[in-house]
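What follows is each chain in one-letter form.
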Amino acid sequence: MATLHFHQTTTATPGQFIAGLTDFGPGRKELFENSDDEHLEVHDQGPGHADVTEGSGGIWERLNYDWSDPNRVVMTTTDSNTWGGNSGHTYTFKRQADGTTDIDVVVVREGKNLKGRLVGIVLSTVGRGVLPKAFGKTVKAIEARSNGASGAEAS
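Residues numbered from 1 in each chain as written. Predicted model: local features only at pLDDT ≥ 70, side-chain atom pairs only at ≥ 80, totals over all residues. Heavy atoms only, no water.

**Student:** Give a detailed account of the sheet that holds strand β7 (residues 101-111), specifying residues and quantitative values.
**Tutor:** Spatially, 7 strands are ordered β1-β7-β6-β5-β4-β3-β2 in an open sheet, and the strand pairing comes out antiparallel. Whereas interior strands pair on both sides, the edge strands pair on one side only; in this sheet they are β1 (2-10) and β2 (41-46). Going across the sheet, the axis of each strand differs from the next one's by a mean of 20°, ignoring polarity. Here 5 bridges tie β2 to strand β3 (residues 49-56), and the two strands are oriented antiparallel to one another. Residue pairing in the sheet places V42 in a bridge with V52 of β3. (Pairing = 2+ DSSP bridges. Helix = DSSP H or I, 4+ residues; strand = E, 2+ residues; numbered from the N terminus. Axes fitted to C-alpha atoms, helices over the stretch in contact; angles between N-to-C directions.)

In C-alpha cells form, the structure reads like this:
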C-alpha cells in the first residue's frame with residue numbers, strides 16, 4: 001500500500017478549490033492531468049457529494065466524493081481496475097491570516113491486483129516526486145481559473 005502526503009499553499013479559497021475539484025464537466029483534464037474526458041462518467045451528484053468514474057492511461061476508479069465539510073473533501077474509491085481496499089484521496093483546507101489557503105493532501109493507493117501492486121510500488125518511489133508536481137499544476141490552474149471567479153464562489 002502506498003500512502004502519499006503532500007502540502008501546498010494557494011491563493012485560492014477553500015470554496016474555489018472545492019469548486020475546481022468537483023467540476024466534472026468537459027475539460028477536467030486541464031485541472032487534473034489524470035482525468036481524461038473520455039473516462040469521465042458522473043453516476044450521481046447532489047449537494048456535497050458525487051459518485052464519479054474517472055481515470056486515464058488505462059487506470060480508472062469510481063470515487064465517492066464527499067465535500068459536505070467546507071474544509072475537507074474525501075474521495076473514497078468504490079471500484080477500480082487497479083485500486084481497492086482503503087484507496088482514496090483526502091484534501092484538507094485551512095485558511096491562513098494572510099488570505100492564503102494551506103492544502104494538505106493524503107493519497108492512499110492499495111493495489112487490488114498485480115497491476116495495482118506494481119503501480120503502487122512505482123508511486124511509493126517515483127510518485128513521491130511526480131504527484132506533488134502534478135498537484136502543483138492543479139493548484140496553479142485552479143488559481144488562474146479563480147482569478148476570474150465571482151466573489152460568490154469564494155468561501
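Structure's up, so let's keep going.
**Student:** So what's going on with a nonpolar patch on the surface? Residues and values would help.
**Tutor:** Side chains of L114, L118 and I121 sit close together on the surface and give an oily, nonpolar patch of about 310 Å² of accessible area. Residue position: L114 is located in helix α2 (residues 114-125). Residue L114 is classed as exposed on the basis of its relative accessible area, which comes to 55%. (Patch = residues over 30% accessible without salt bridge, like charges linked within 9 Å, V, L, I, M, F, W, Y side chains within 5 Å. Areas by Shrake-Rupley, 256 points an atom, 1.4 Å probe, with all protein chains shown as cover. Salt bridge = Lys/Arg side-chain N within 4 Å of Asp/Glu carboxyl O. Buried < 20%, exposed > 50% of the residue type's maximum accessible area, 1.4 Å probe, protein only.)

**Student:** Quick rundown of the nonpolar core? Include the residues and the values.
**Tutor:** Of all hydrophobic cores here, the largest spans 29 residues; its most connected members are F17, Y65, V73, Y91, I103 and F135. Counting only elements with at least two residues in this core, the list comes to β1, α1 (14-21), β3, β4 (59-69), β5 (72-80), β6 (83-95), β7 and α3 (127-147). It is α3 that provides the largest number of residues to this core, a total of 4 residues. If near-sequence neighbours (up to four positions away) are discounted, V73 is found in contact with I18, L21, Y65, D66, W67, H89, T90, Y91 and F93. (Core = buried A, V, L, I, M, F, W, Y, C linked by side-chain atoms within 4.5 Å. Contact = heavy atoms within 4.5 Å.)

**Student:** Any details on the confidence of the model for the protein? Residues and values, ideally.
**Tutor:** When pLDDT is averaged along the protein, the result is 91; 95% of the residues meet or exceed 70. Of all secondary-structure elements in the protein, the lowest mean pLDDT belongs to α3, at 88, while β5 reaches the highest, 98. Below pLDDT 50 for its whole length, residues 150-155 participates in 8 contacts with residues either more than four positions away or in separate chains. (pLDDT = per-residue confidence, 0-100.)

**Student:** Just give me the short version of the packing of α1 against α3, but keep the residues and values in it.
**Tutor:** Across the interface, α1 lies against α3 with an axial gap of 10 Å and an inter-helix angle of 110°. Comparing the axis directions of α1 and α3 gives the class roughly perpendicular. Between α1 and α3, the contacting residues are Q16, F17, A19, G20 and L21 on the first element and F135, T138, V139, I142, R145 and S146 on the second. Residue composition of the contact of α1 with α3, grouped by class: 6 nonpolar, 4 polar and 1 charged. (Parallel < 35°, antiparallel > 145°, perpendicular 65-115°, else oblique. Nonpolar A, V, L, I, M, F, W, Y, C, P; charged D, E, K, R; others polar.)

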